[in-house]
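Residue-level structural notes
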Amino acid sequence: MIGPDGGTLVLADGTTLEFPAGALSANTPVRITQSQVRSHDFGELFRPAAPYLDVDLGSVEPALPVTVRLAANAPDDAVMLAAHYDPATGRLEPLTLVEATGSSVTVTATQFSGLVAFAVPLAELPEVTDSGFRPGRDDWQFPNYGSVVAPGGHCNGQAISMLWYYVERRTQGASPLYGLFDNNGDTHTPSVWQDDEDAYKLASMVQADARTGEKNWRDSVAKDSGRAVFDAYRAWLALTRSPQVLYVYGASGGHAVLVYRASRTKLYVADPNFPGHLRTIPFDPDSGRLGPYSAKENASAAEQSYTSFRFVAADLVVPWSKVSARWSEFDNHTIGDGIFPNTGVINLAIAAPTDADLGPLGTDFVVPSDTTALTYLPDGP
């Protein structure tokens, strides 16, 4: 039984589950079952290294991530990982990596229908592991400037929403995302991203859905931001052929990108600040150093050098079910309704405008009560 104050459960083999205070709102019975993995269909690279762990909390989902240390036996020259197995889809879903050693792997999780630790032999990974995702085809077509809902930028929302589309629709035969919803699917205006209203709102709303709390996903990060993180991306790309979110940190903050391909010396990333661009992060196999990566917190910020890299599962940042719900709102053209302010655009056809042309609207101009007026002054909007 675990209550609002949290607590730690220790199993006979050394596996532990640490519930932080506030993860559960009431006393909750916890039933744990371990079983051996006797067969699977995830290929030769997937080597089970610990019993399959099923944690039953009834219908309760923790409000904060639970730290799980899975006792496991890792072979030499292998990367240790852990996943949530979804029996409904048959998918392995990455768990946020905190630490991997020769005898255990520590992750954070909010879903417990089935956790499994496994090893991936590095020597058997191909020279290049690739999801098939490509910038300029599968990313959003607009840059990450942020919005009234996400004033600092929506890199999380942009990366995770395009990841969702790739996993849930693109791999099922849907059209590539880049430019698909340009101008909300109406007459395309590829040189003007500002009219891609619904898509931009979607990225902002997914950004706003990111988990918060005293111990949130930002605290649940890999302690080794070099070789272990690099190897984790290579392995996950090989196992799932799905892009993975990567968080990069510098002196003044962090940024989210999507890793879609990896060689033995670099990660290929789709960066929300540079839609359609080829961007890479170098890796030195000799030193085990990943980076640096020159990028920006949002499209209008100054470039900086990012030197810390963290493998964080997308579902830990924004629950997959919430992303699905936001996409449904997008499909119904209701995304952001009641949250974003209504704005009216006045098209002034003026040839060679002067300061006088761009002066005040005048006292006889009436703004509708449900509309925000944007006045363009000679020095800018």
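As the structure is a computational prediction, the values presented were derived from the model and not from experiment.

1. A few points about the overall build of the protein
Check the secondary structure of the protein and you find 5 helices and 20 strands. Buried positions account for 49% of the 381 residues belonging to the protein. For the protein, restricting intrachain contacts to residue pairs at least 6 apart in sequence, the fraction spanning at least 24 positions comes to 67%. Element-wise, carbon and sulfur atoms account for 49% of the exposed surface of the protein, whose accessible area totals about 17,800 Å².

2. Quick look at the packing of helix H1 (residues 155-168) against helix H5 (residues 320-331)
At a minimum axis distance of 10 Å, the contact between H1 and H5 shows a crossing angle of 85°. Here H1 is positioned roughly perpendicular relative to H5, judged by the angle of their axes. Counting all contacts with H1, which are made through Ile 160, Ser 161, Leu 163, Trp 164, Tyr 165, Val 167 and Glu 168, the residues of H5 involved are Trp 320, Val 323, Ser 324 and Trp 327. The residue inventory of the contact of H1 with H5, partitioned by class, reads 8 nonpolar, 2 polar and 1 charged.

3. Some points on unusual backbone geometry
Gly 291 connects to Pro 292 through a cis peptide bond whose omega is 5°. By secondary structure assignment, the location of Pro 292 is in the loop between strand E17 (289-290) and strand E18 (293-295). For Asn 183, which is not glycine, the phi torsion reads 55° and is therefore positive. With respect to the secondary-structure elements, Asn 183 resides in the loop between H1 and helix H2 (197-208).

4. Focus: the pattern of salt bridges
This structure, assessed with the given rule, holds 11 salt bridges. The salt bridge partner of Glu 124 is Arg 47, with a shortest N-O separation of 2.9 Å. Of the two residues, Glu 124 is situated in the loop between strand E11 (115-121) and strand E12 (129-130) and Arg 47 in strand E4 (residues 47-48); the sequence distance between them amounts to 77 residues. Residue classification places Arg 47 among the partly exposed positions, given a relative accessible area of 31%. With a closest N to O distance of 3.0 Å, Lys 201 and Glu 197 form a salt bridge. Separated by 4 residues within a single helix, Lys 201 and Glu 197 lie in helix H2, roughly one turn from each other. A relative accessible area of 14% places Lys 201 in the buried class.

5. Let's talk about the pairing of strand E5 (residues 52-56)
Burial of the side chains of E5 is restricted to one face: Leu 53 and Val 55 are buried, whereas none of Tyr 52, Asp 54 and Asp 56 on the reverse face is. Of the strand pairs in this sheet, strand E3 (residues 31-35) and E5 are connected by 5 bridges, and their pairing is antiparallel. When the sheet's bridge partners are listed, Ser 35 is paired in E5 with Tyr 52.

6. Structural notes on the sheet that holds strand E1 (residues 7-10)
On the basis of which strands lie adjacent, the open sheet formed by 5 strands has the order E1-E2-E6-E10-E9 and antiparallel pairing. The open sheet has two edge strands with one neighbour each: E1 and strand E9 (96-100). Looking at each pair of strands side by side, their axes are set apart by 15° on average, direction ignored. Here 4 bridges tie E1 to strand E2 (residues 16-19), and the two strands are oriented antiparallel to one another. Bridge assignment links Val 10 to a residue of E2, and that residue is Thr 16.

7. Focus: the confidence of the model for the protein
Summarising the model, the protein shows a mean pLDDT of 87, and 86% of its residues fall at 70 or more. Confidence drops under a pLDDT of 50 for residues 213-217, and excluding neighbours within four residues, the segment shows 16 contacts in the predicted structure.

8. Things to note about the packing of H1 against H2
Between H1 and H2, the least distance of the axes is 7 Å, while the angle of their chain directions is 110°. Compared by their axis directions, H1 and H2 come out roughly perpendicular. Contacts between H1 and H2 involve Cys 155, Asn 156, Gly 157, Gln 158, Ile 160 and Ser 161 from the former and Leu 202, Ala 203, Val 206 and Gln 207 from the latter. Looking at the contact of H1 with H2 residue by residue, the classes come out as 5 nonpolar, 5 polar and no charged.

Parameters and conventions
- Residues numbered from 1 in each chain as written.
- Predicted model: local features only at pLDDT ≥ 70, side-chain atom pairs only at ≥ 80, totals over all residues.
- Heavy atoms only, no water.
- Helix = DSSP H or I, 4+ residues; strand = E, 2+ residues; numbered from the N terminus.
- Buried < 20%, exposed > 50% of the residue type's maximum accessible area, 1.4 Å probe, protein only.
- Contact = heavy atoms within 4.5 Å.
- Areas by Shrake-Rupley, 256 points an atom, 1.4 Å probe, with all protein chains shown as cover.
- Axes fitted to C-alpha atoms, helices over the stretch in contact; angles between N-to-C directions.
- Parallel < 35°, antiparallel > 145°, perpendicular 65-115°, else oblique.
- Nonpolar A, V, L, I, M, F, W, Y, C, P; charged D, E, K, R; others polar.
- Salt bridge = Lys/Arg side-chain N within 4 Å of Asp/Glu carboxyl O.
- Pairing = 2+ DSSP bridges.
- pLDDT = per-residue confidence, 0-100.

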